[in-house]
Amino acid sequence: MKKAIILAAGKGTRMLSDQFKVLHTIANRSMIRSVLDALDAVNVDEKVVVLSPQMQAVEQEIHPTQFVIQEQALGTAHAALAAEKYLQPFDGQCLILFGDHPLFYPETFQKMFDKCANGADVVVLGFTPKNPARYGRLIMGDNGLEKIIEYKDATEQERAVGLCNSGAMCINGRYILQLLKAIDNKNAASEYYLTDVVKIAKEKALNVDVEYASDEDEVAGVNSRAELEKAEQIFQNRMRQKALQSGVSLQDAQSVYFSYDTTFENDVFIEPCVYFGKNVHLKKGAHVKAFSRLENTTVEGN
């Protein structure tokens with residue numbers, strides 16, 4: 001069985017918005033829905049979203065996906081444990097990830113599930129950014145992943161490591177509950193940190209390993225309007241490349257904005273400055289004129 005716990009309880013104060021962070025959209029789709037759709041693409045059997053109290057708008061957005069409430073914000077491991085009733089020991093694997101990371105490829109989730117199913121008890125998703133900056137580092141050893149170290153706690157030698165922590169992990173269903181319950185809050189913030197799973201798993205002689213993201217863009221999180229805009233551009237560039245590789249001509253690719261659900265056949269020609277809203281299909285031979293805005297329509301070919 002494949003399960004997933006999506007942590008989405010953050011209010012997103014840095015967004016300076018009355019709207020909950022995970023409801024902000026990339027290509028006409030909310031961030032939380034982007035994550036759920038990626039999980040659906042790899043046939044996850046059970047998904048549970050962790051929310052804070054009074055997040056009814058998010059409850060409506062994710063319906064009919066199950067959700068639980070984290071009554072107090074006491075850290076990422078505490079948030080995951082809010083889904084305890086879904087984490088009783090089971091035969092399978094469970095992903096834990098964040099609802100404000102909207103750019104995951106489904107293939108990455110599948111690789112994490114596969115590695116966990118084939119001998120790893122904990123799989124952490126790592127990536128190698130151009131600028132590691134203040135990301136937590138993944139310290140590898142002879143027996144796989146040795147530890148996750150936060151930048152502020154890292155030595156100069158550890159800070160020189162380029163492999164960083166994305167925040168996503170996959171855990172063997174037989175051990176997930178005991179690992180989460182073993183995490184304590186003996187730290188400066190008095191919070192329960194999900195990253196401590198690695199240390200505890202190593203103490204229990206479990207197999208801990210790393211899977212690698214396709215690129216650093218895939219694991220980009222969104223905490224501000226600037227990061228939301230960056231995520232939008234990453235997704236649009238993916239869609240533009242998909243269109244070009246599918247036989248669509250883009251006269252000025254950077255000025256064409258797709259919706260997440262735009263579909264197209266080959267031999268389509270799109271002029272500059274075109275915006276696609278939801279539910280548009282472009283048939284073979286379609287020609288879209290400059291400065292068009294299209295939604296809820298099918299464009300016939302010539």
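Residues numbered from 1 in each chain as written. Predicted model: local features only at pLDDT ≥ 70, side-chain atom pairs only at ≥ 80, totals over all residues. Heavy atoms only, no water.

1. Quick look at the overall build of the chain
Secondary structure summary: the chain contains eight helices and 20 strands in total. Radius of gyration (C-alpha) of the chain: 21 Å, near the 19 Å computed for a compact globule of 302 residues. Taken along its principal axes, the extent of the C-alpha atoms in the chain is 65 × 40 × 40 Å. Taken across its 302 residues, the chain has 50% of its residues classed as buried. Carbon and sulfur atoms form 46% of the exposed surface of the chain, whose accessible area is close to 14,300 Å². Treating the 33 positive side-chain charges of the chain as one cloud and the 40 negative ones as another, the clouds have centres 1 Å apart. (Helix = DSSP H or I, 4+ residues; strand = E, 2+ residues; numbered from the N terminus. Rg over C-alpha atoms; globule rule 2.2 N^0.38 Å. Buried < 20%, exposed > 50% of the residue type's maximum accessible area, 1.4 Å probe, protein only. Areas by Shrake-Rupley, 256 points an atom, 1.4 Å probe, with all protein chains shown as cover. Lys, Arg positive; Asp, Glu negative; His and termini not counted. Charge placed at Lys NZ, Arg CZ, Asp CG, Glu CD.)

2. What to know about helix α1 (residues 31–40)
For an α-helix, 3.6 residues make a turn, and residues three or four places apart therefore share a direction. Counting buried residues in α1 gives eight out of 10 residues, a clear majority hidden from the surface. Burial in α1 covers these residues: Met31, Ile32, Arg33, Ser34, Val35, Leu36, Ala38 and Leu39.

3. A word on the nonpolar core
One broad trend across soluble globular proteins is that nonpolar side chains are buried collectively. The biggest cluster of nonpolar side chains holds 35 residues, and the ones touching the most others in it are Ile5, Ile96 and Val197. Dropping the residues within four chain positions of it, Ile96 is found in contact with Ile5, Leu7, Ala80, Gly167, Ala168, Met169, Ile171, Ile176 and Leu194. Judged by nonpolar contacts, the second largest core, of 34 residues, contains Val35, Leu39, Leu51 and Leu97. (Core = buried A, V, L, I, M, F, W, Y, C linked by side-chain atoms within 4.5 Å. Contact = heavy atoms within 4.5 Å.)

4. Remarks on the environment of Asp209
Its place among the elements puts Asp209 in strand β11 (residues 208–212). Linking Asp209 and Asn143, residues 66 residues apart in sequence, is a C-alpha distance of 8.2 Å. Aside from chain neighbours lying at most four places away, what touches Asp209 is Lys115, Ala120, Val122, Val123, Val124, Met140 and Leu145.

5. Details of unusual backbone geometry
At the junction of His63 and Pro64, the peptide bond is cis and its omega measures out at 10° in the coordinates. Mapped onto the elements of the fold, Pro64 is located in the loop between α2 (56–62) and β5 (66–69). Non-glycine residue Asn296 carries a positive phi angle of around 50°. The topology assignment puts Asn296 in the loop between β19 (293–294) and β20 (297–299).

6. Here we look at the pattern of salt bridges
Pairing is possible between side chains of opposite charge, provided their charged atoms come close. Summed over the entire model, instances satisfying the criterion amount to 16 salt bridges. Note that Arg174 and Asp91 form a salt bridge whose closest N and O atoms lie 4.0 Å from each other. With Arg174 in the loop between β10 (164–172) and α6 (176–181) and Asp91 in the loop between α3 (76–81) and β6 (93–98), this pair connects stretches of sequence that are 83 residues apart. When the shortest N-O distance is used, the salt bridge between Glu216 and Lys130 registers 3.9 Å. Here the residue Glu216 occupies a position in the loop between β11 and α8 (225–245), and Lys130 occupies one in the loop between β7 (122–127) and β8 (137–141), the gap between them amounting to 86 residues. Residue class for Glu216 comes out partly exposed when judged on its relative accessible area of 25%. (Salt bridge = Lys/Arg side-chain N within 4 Å of Asp/Glu carboxyl O.)

7. Describing the sheet that holds strand β12 (residues 248–250)
Pairing between the strands of a sheet is mediated by backbone hydrogen bonds and can be parallel or antiparallel. Spatially, β12-β15-β18 is the arrangement adopted by the three strands of the open sheet, whose pairing is parallel. Two strands close off the open sheet at either side, each with one partner strand: β12 and β18 (287–288). Relative to β18, strand β15 (residues 268–270) is paired through two bridges, and the arrangement is parallel. By the bridge assignment for β18, Phe269 is matched with His287. (Pairing = 2+ DSSP bridges.)

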